[in-house]
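Residues per chain are reported as follows:
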Amino acid sequence: MSAGLEGVVVADTVMSAVDGQLGQLWIRGYPVAELSGVVSFEEVCGLLWTGALRDEGGAIRRALGEARARAFGRIERLGDALERADGMDALRAAAAHLGEAAGPWPAPAIEVTGALAVFTAAWTRRARGLAPVPPDPDLGHAEDTLRMVHGRAVDPSWAEALDAYFACVVDHGMNASTFAARVVASTESDLVSAVVAALGALKGRLHGGAPGPVLDMLDAVGSPDAAPGWLAAELDAGRRIMGMGHRVYRVRDPRAAVLERALERLSDGGAAAGRLALARAVERSAERLLAARKPDRPLRANVEFYTATLLEGIDLPRAAFTPTFACARVVGWCAHVDEQRRLGRLIRPRARYVGPRPASVA
Ligand code: COA
């Protein structure tokens, strides 16, 4: 990478702060551990969209439910968008059919957030050969998202787990997809265009695409005893351990602990508990091996490690993991679009020219 581009400040924001040395994530002044699994996803939406950690009279919950119902009514008019093999291709194509909703802020954010959940659930079902299930606007957003995927009411602990996951990953500093959304917003383009650009950025393996491979790793390891040998062989072969390491964090990603706690609360008759024990063993083993092999570069678990285990625990298919991430992160994208609009300044970085000079220039 060219020198000097790492960690460049591109905006002032009140949305979230990431401290990679201390392992802290604050969302509008609140540590993530005080939000995820503690307050509802809708209240966290209130925090990011309006600055107040509340959902006054359930207004956001109700409006999200109504937005889901409207989005469901659009499904038949999305052409072949939801037939794409890749869930992020499907979500991007479906989202592109939306127009920015009218109405005072945060109505446009609510509309697109409601729609992404409906499109994700419908794509997940179509990928299994099943018809989409209409939303129940009276339910909380996470609970209804799971209900639309599974086609039945889900265990309350599953709904709480997804709610905690959504609240945990709503925003995370100036990550690639959020930056993409802000660049688009800075040109005075519309909210949906910003969200579509962000979806494109999130699709990539280095951003939103790692939880599936974490599960492939857990499957391959099989049992806690096998972890050290399997991981050492991976590293010997020059491969990376999925779910470990982060561009910003030099300690354990604080979201890993939050999601680990959400997993502990999942009632599933033991399957998730077994998987959690395996994940913990693999994490410990990977930490030890990486510390020995890369003593100068702290490589600890990132958010994807326990995201994978959590989403699997609520029976979401691996192919739906990144679209499910988008269902939460869209809240942050919308908040950043609003913030960028208030700033009213075009983001126009410069590139350092390192190509040849014309012969006429000495
Ligand atoms: N397993 C083994 N080695 C790793 C590693 C991992 N998960 N992550 C980083 N490293 C090593 C690199 O090989 C490199 O070693 P080198 O200096 O001897 O070549 C060193 O650590 C620095 O890696 P670098 O690629 O510069 O770090 P980065 O900041 O660009 O990478 C990630 C961050 C997340 C892309 C990287 O840690 C990774 O690929 N992790 C696995 C994939 C993953 O979990 N992604 C989800 C991210 S939330």
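Residues numbered from 1 in each chain as written. Predicted model: local features only at pLDDT ≥ 70, side-chain atom pairs only at ≥ 80, totals over all residues. Heavy atoms only, no water.

Draft legend 1. Spatial organisation of the packing of aromatic side chains. This model, assessed by the stated rule, comprises three aromatic pairs. A ring pair is formed by Phe41 and Phe166, whose centres lie 5.2 Å apart and whose planes are at 55°; its orientation type is tilted. One end of the pair, Phe41, is in helix α1 (residues 41–50); the other, Phe166, is in helix α6 (residues 156–168), and 125 residues separate them in sequence. Each of the two residues, Phe41 as well as Phe166, counts as buried. With relative accessibility at 0%, the residue Phe166 sits in the buried group. (Phe/Tyr/Trp six-rings, centres within 6.5 Å; stacked < 30°, edge-to-face > 60°. Helix = DSSP H or I, 4+ residues; strand = E, 2+ residues; numbered from the N terminus. Buried < 20%, exposed > 50% of the residue type's maximum accessible area, 1.4 Å probe, protein only.)

Draft legend 2. Geometry of the nonpolar core. In this structure, Trp49 and Phe119 are the most contacted members of the largest nonpolar core, which totals 113 residues. Residues lining this core come from more than one domain, with at least three contributed by each of domain 1 (14–203 + 320–343) and domain 2 (211–313). Once residues lying within four places of it in the same chain are set aside, the contact partners of Phe119 are Ala71, Ile75, Leu78, Leu82, Leu91, Ala94, Ala95 and Leu98. (Core = buried A, V, L, I, M, F, W, Y, C linked by side-chain atoms within 4.5 Å. Domains from an automatic or database assignment. Contact = heavy atoms within 4.5 Å.)

Draft legend 3. Structural view of helix α10 (residues 227–236). Inspection of α10 places Ala227, Leu231, Ala232, Glu234 and Leu235 among the buried residues, and these make up the whole buried set. End-on, the buried residues of α10 take up no more than an arc of 160°, which puts them together on one face. (Arc of directions from axis to C-beta.)

Draft legend 4. Molecular detail of unusual backbone geometry. A cis geometry characterises the amide bond from Trp105 onward to Pro106, with omega recorded as 10°. Despite not being glycine, Arg28 has its phi angle at roughly 40°, a positive value. Position of Arg28 relative to the elements: it lies in the loop between β2 (24–27) and β3 (30–31). We classify Arg28 as partly exposed; its relative accessible area is 25%. In this model, Asp315 sits at a positive phi of 65°, which is unusual for a non-glycine residue. The residue Asp315 is located in the loop between α13 (303–313) and α14 (321–343) in this model. When its relative accessible area of 38% is taken as the criterion, Asp315 is described as partly exposed.

Draft legend 5. Fine view of the packing of α6 against α13. It is at 10 Å that the axes of α6 and α13 come closest, and there the two elements cross at 150°. In terms of their interaxial angle, α6 and α13 are classed as roughly antiparallel. Between α6 and α13 lies a crossing whose hand is left-handed. Contact residues: α6 offers Trp158, Ala161, Leu162 and Tyr165, while α13 offers Thr307, Leu310, Leu311 and Gly313. Considered class by class, the residues forming the contact of α6 with α13 number six nonpolar, two polar and no charged. (Axes fitted to C-alpha atoms, helices over the stretch in contact; angles between N-to-C directions. Parallel < 35°, antiparallel > 145°, perpendicular 65-115°, else oblique. Left-handed = near helix turned anticlockwise from the far one by under 90°. Nonpolar A, V, L, I, M, F, W, Y, C, P; charged D, E, K, R; others polar.)

Draft legend 6. Geometry of the sheet that holds β2. Spatial strand order, β1-β2-β3: three strands in an open sheet with antiparallel pairing. Strand pairing shows two members of the sheet lacking a second neighbour, β1 (16–19) and β3, which therefore form its edges. With four bridges connecting them, β1 and β2 associate as antiparallel partners. Residue Asp19 lies in a different strand from β2, and its bridge partner there is Gln24. (Pairing = 2+ DSSP bridges.)

Draft legend 7. A look at the packing of helix α5 (residues 141–150) against α6. At a closest axis distance of 8 Å, the pairing of α5 and α6 adopts a crossing angle of 120°. With respect to each other, α5 and α6 are oriented oblique. Once α5 is placed against α6, the crossing between them reads as right-handed. Between α5 and α6, the residues in contact are His141, Ala142, Glu143, Thr145, Leu146 and His150 and Trp158, Ala159, Leu162, Asp163 and Phe166, respectively. For the contact of α5 with α6, a count of residues per class yields six nonpolar, three polar and two charged.

Draft legend 8. Examining α1 more closely. Among the ten residues of α1, eight are classified as buried, and the element is accordingly described as predominantly covered. Of the residues making up α1, those classed as buried are Phe41, Glu42, Val44, Cys45, Gly46, Leu47, Leu48 and Trp49. Among the residues trailing α1, Gly51 stands out with phi positive, at a value near 90°.

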